[in-house]
Each structure stands twice: as C-alpha cells, then as structure tokens.
Amino acid sequence: MKILLLSDLPPCINHTGGLFLDRLCTYLIESGCEIVAYIVKNDEVYTVLPEDKKQSIKFKFDRKPRENVGHTKGPVASLVFDRFTNITYIPKLEKRILDFINTEKPDLIWGVIQGQTMTKIVRPIAKKSNIKYIIQFYDAISWWFQANRIDKLTQKKVMKEYAKMLHNSYCFIGASEEMANDYALKYDINRSVGIMMPFDKGNAYSEKIERNDNDFVIAISGQLYARSTIAALTEALTQLKWQYNGKRIVFRIYGPEIVFYGLQDAHVEYRGWIDQKQLLQELNTADLLYCPYRFDEHFKEVASYSFPGKLSTYMKTGVPLVVHAPEYSSIASFIKKYECGYLIETVNVETIKKEIEKIISDNKKDALVVRANEVANEVLSDEITKRKILYAVGLRESVK
C-alpha cells in the first residue's frame, strides 16, 4: 500500500506530534507500506527530520497560510484574511497537491488535521483524486479556534467542512478512545480507533534509582499549557512551606520557564529543554511525575478528548505519577480505569495540599509504579499501537 501523509507537521524529532508521526510511519514502513509526504507547514515551525525517514519517505514541502491573524489583529481581520485565503491561496495549494498525487499515485490519503487549512483541503482533494482517506486528530479543533482567536463566521464555515470530512472518512483516528468513540457516534463514522503516544522503547523500567532522601522532587516535562493548574499546585506547596514529613519539596521543570507570582521560599528548579535520552535519565531521579490539565470551562472539550504524550513516558520511568485534571477529562478516566497513578481532580488549594500530603506519606508507591509499567505494556506498547495504525489504514480487520 502506498500512503500519502498530508499534514502540517512532518515526522520529526523536535516536536511531540512529529515524534508520534515518526513512530506511526515506522510501523507502517515495517509492515510493507510506502509513504510519501506532502507537508503544508508554517514557515515559523522549525523541524528536524529523522535520518531514516529522509531515506525512506519522499517529502514535498509547501507553505501554510497564516491562521492566527485574529490573535494579533482581531476578529474582523481574521474573517477578511480567511476569505482572501480561500479565494487566492487554497485553490492553488489544492492544485499543487493534486499534481503530486497524480505523480505518486497513492492508494490512501492520511490527513493529520490541525487548524482550518488542513480541515478545508483533505476531503476535496480526496474526492477530486478519487482516493479514500483517513483522518487523525491530536486535539479537538475548538482548542485551535481559541488559541488563534478565529472569528465566529470562519469557525462556522470550517465546522461545516469538518463534519463532512469526518463523516466521509474511511477511518478516524482519535487522540483518545473517548474521542474516537464519541466522534464516531456524533459524525456517523464507520471505522474509528483511539491511538495514543506509545512509550519510548529506550526508556527502560528500573526499580533501583538513587534519590536524595532529604528531598521530595515533583517533576514536570514538556509544554506547560495548564499554567493556572500548575499555579494552584505551587500555591498549595507554598502553604506547606515547601516541606512535609521532614522532606524539602522541590518542583523541577524540564521545559519553558514560568513566572510564579507571590511565592515565598519556593524550591523551583528550571532545567530547560534537554535531550530526550538525558530527560528520561533525569526523570528517573524524581519522586513524583506531574501531569496537569486545564480546568477552564472553555477548555472542557479539549480536556475531555485529548491525551498527553508525556504520560506514556512517565509510566515507564519507575517513578509514580500524579494527574492533576478535571474529573471529566480523558486522562482522569484513564487513571481511574487502570488504577495506575494518583489523581487530583480540583484546583482548590486546600484540597491539593491534603492530596500532596497523602502522596508523600503513601507507602504503596512501589505498587503504583509496577501497575503503571504493566498498563503501559498492555495499552501503550509498540505492538498495540502498530495494530491500531494498521487497522486504521485497512491492513487489519481488528486491533485485537
């Protein structure tokens, strides 16, 4: 089978979404598929292609039109620019992609959807080329609308195509099982599957890690979108005076710096962005790995359906994890279903403080670590993920 990957991000080694695509492409290539890729990329997004994919995938790059005009210039500018793009750029972009398809002659289009441009083009291109297509989401599109302040009229028009795109797809790949199941019902999709980021094969589970017995280190890695949730945690730690049960509490951040206001005597360490292999080694030295989600009402759909890529990494470190997320979120449901981590379902500071005290005092952390490792092997392994992507493209009749 020859597959056209149509995405705004290529498989790469310096973005979480790109790392995910890299793994999925590997599974498909191992199974005998040929992949060609047409990447409609924002010029400002820097990507590093994996060396093996440079050799095994034919890439064609194109420019993605600006989608965030509303963020800087307001809703009227968003509407005007979107209509201008529809008339002047989208038809030419579609023609270039169709020319690529006529040359490469793929059997299937794999559309990875982020934003209005990719939503607009996948179904029309598939229809004009008479090729079936599958759709993959990382997040609900409502997140994109909010983050880029897309005007309401453009949202309405995009959502109309969004529904058609999903309904007519051969298979829908959701960011979580909840998204796959709910969208299949909502948009009447015949075939759907939830595919989450598999754990890193190089992240060996270990039971013997040296730690500083005087400190209790809570670590977080990656992007810090849920800043208000993180702020609630640090306020609770401040009320604990950054210590409990004879231990100094340290909050260690692997990622961008975040400004905390009003904290006193805080033990916050910034380690910045580091190499993935080194990151895994350092996470192994923490006492608790922290995974926060936003509690904002307007973020509810995204929290309900998204699944954090960092979780699969956390579950194989040999360190217990705590998910700090609303009870309706997909990740809270995952933790409750598999009983593989601690869960805090509030931003109430007093309650958070009590939960942190319980976690530090809990003598069953080792059992949670073992359970998380088992669940990762059962649900987030290479074998499971490979079966799911092969099912999505039609090379398997089930994921079992």
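The structure we're discussing is the one just above.
In short, a report on the structure. (Residues numbered from 1 in each chain as written. Predicted model: local features only at pLDDT ≥ 70, side-chain atom pairs only at ≥ 80, totals over all residues. Heavy atoms only, no water.)

## Observations concerning helix H5 (residues 90-104)
With 15 residues, H5 extends 21 Å between its outermost C-alpha atoms, agreeing within 8% with the 21 Å of an ideal straight helix rising 1.5 Å per residue. Among the residues making up H5, those that are buried are Ile 90, Leu 93, Glu 94, Ile 97, Leu 98, Phe 100, Ile 101 and Glu 104. Each buried residue of H5 lies within a common arc of 155° when the element is viewed along its axis, so the set occupies one face. Summarising the geometry of H5, the exposed residues directed more than 90 degrees from the buried face are Lys 92, Lys 95 and Thr 103. Looking at the buried positions of H5, the neighbouring elements they touch are strand S1 (2-7), strand S2 (34-41), strand S3 (58-63), helix H4 (75-88), strand S4 (108-113) and helix H6 (116-129). Lys 105 sits one or two positions beyond H5 and adopts a positive phi of about 50°. (Helix = DSSP H or I, 4+ residues; strand = E, 2+ residues; numbered from the N terminus. Expected span 1.5 Å × (residues − 1). Buried < 20%, exposed > 50% of the residue type's maximum accessible area, 1.4 Å probe, protein only. Arc of directions from axis to C-beta. Contact = heavy atoms within 4.5 Å.)

## Points about the packing of aromatic side chains
Per the counting criterion, the structure on display carries 14 aromatic pairs. With a centroid separation of 6.0 Å and 75° between ring planes, the pair formed by Phe 251 and Tyr 290 is classed as edge-to-face. Within this pair, whereas Phe 251 is found in strand S10 (residues 247-254), its partner Tyr 290 is found in strand S12 (residues 288-292), the two being separated by 39 residues in sequence. The two residues Phe 251 and Tyr 290 agree in class, both being buried. Within the aromatic cluster, the residues linked to one another by ring pairs are Phe 137, Tyr 162, Phe 172, Tyr 183, Tyr 187 and Tyr 305. In this structure, Arg 294 packs its charged tip against the face of Phe 299, placed 4.4 Å from the ring centre. (Phe/Tyr/Trp six-rings, centres within 6.5 Å; stacked < 30°, edge-to-face > 60°. Lys NZ or Arg CZ within 6 Å of the ring centre and 35° of its normal.)

## Some thoughts on helix H16 (residues 365-379)
Given 3.6 residues per helical turn, the α-helix brings residues three or four places apart onto the same face. Across its 15 residues, H16 extends 21 Å between first and last C-alpha, which sits within 8% of the 21 Å expected from 1.5 Å per residue. Along H16, the residues classified as buried are Lys 365, Leu 368, Val 369, Ala 372, Asn 373, Val 375, Ala 376 and Val 379. What you see down the axis of H16 is that its buried residues fit within an arc of 165°, all on one side. Exposed and facing more than 90 degrees away from the buried side of H16 are Asp 366 and Ala 367. Of the surrounding elements, those touching the buried residues of H16 are strand S8 (215-221), helix H14 (330-338), strand S14 (342-344), helix H15 (349-361) and helix H17 (382-393).

## Examining the side chain of Ser 312
For Ser 312, the location among the structural elements is in helix H13 (residues 310-314). Reaching out from Ser 312, the side chain makes a polar contact with the backbone oxygen of Met 197 at a distance of 3.1 Å. (Polar contact = N/O pair within 3.5 Å; in protein donor to acceptor, adjacent residues only side chain to side chain.)

## Here's the deal with the nonpolar core
Counting residues in each nonpolar core, the largest one holds 99 residues, and the members touching the most others are Phe 137, Leu 166, Tyr 183, Met 315 and Phe 334. Sort the elements by how many residues they give to this core and H5 lands first, with six residues. Within the second largest apolar cluster, 30 residues are counted, among which are Cys 25, Leu 108, Ile 173 and Leu 390. (Core = buried A, V, L, I, M, F, W, Y, C linked by side-chain atoms within 4.5 Å.)

## Focus: the environment of Gly 246
In this fold, Gly 246 is placed in the loop between strand S9 (243-244) and S10. Residue Gly 246 is classed as exposed on the basis of its relative accessible area, which comes to 76%.

## Things to note about the sheet that holds strand S6 (residues 171-174)
One open sheet holds the seven strands; their spatial order is S3-S2-S1-S4-S5-S6-S7, and the pairing between them is parallel. Pairing within the sheet leaves two strands with one partner each, and these edge strands are S3 and strand S7 (192-194). Taken pair by pair, the neighbouring strands of this sheet meet at an average axis angle of 15°, ignoring direction. Pairing between S4 and strand S5 (residues 133-137): five bridges, direction parallel. Counted as the bridge partner of Ile 109 is Tyr 133 from S5. Across the sheet, H6 touches S1, S2, S4 and S5, and the angle it forms with S4 is around 170°. Docked against the sheet, helix H8 (residues 152-167) engages S4, S5 and S6, running at close to 120° with respect to S5. (Pairing = 2+ DSSP bridges. Axes fitted to C-alpha atoms, helices over the stretch in contact; angles between N-to-C directions.)

## Observations concerning a positive patch on the surface
Taken together, the side chains of Lys 127, Lys 156, Lys 160 and Lys 164 present a region of like positive charge at the surface. The leading source of residues in the positive patch is H8, at three residues. By relative accessible area, which is 66% here, Lys 156 ends up exposed. (Patch = residues over 30% accessible without salt bridge, like charges linked within 9 Å, V, L, I, M, F, W, Y side chains within 5 Å. Areas by Shrake-Rupley, 256 points an atom, 1.4 Å probe, with all protein chains shown as cover. Salt bridge = Lys/Arg side-chain N within 4 Å of Asp/Glu carboxyl O. Lys, Arg positive; Asp, Glu negative; His and termini not counted. Charge placed at Lys NZ, Arg CZ, Asp CG, Glu CD.)

## What to know about the pairing of S8
Remark: a regular strand shows side chains that alternate across the two faces of the sheet. Burial of S8 is extensive: seven of the seven residues sit out of reach of the surface. Every second residue of S8 is oriented toward a common face, with Asp 215, Val 217, Ala 219 and Ser 221 on one face and Phe 216, Ile 218 and Ile 220 on the other, all of them buried. Here seven bridges tie S8 to S10, and the two strands are oriented parallel to one another. In the sheet register, Ile 218 faces S10, and the bridge partner there is Phe 251.

## Some words on the side chain of Thr 119
Mapped onto the fold, Thr 119 is located in helix H6. A polar contact of 2.9 Å, which involves the side chain of Thr 119, links it to the backbone oxygen of Gly 115. Ignoring any residue separated from it by four or fewer positions in sequence, one finds Thr 119 in contact with Ile 113, Ile 141, Val 158, Glu 161, Tyr 162 and Met 165.

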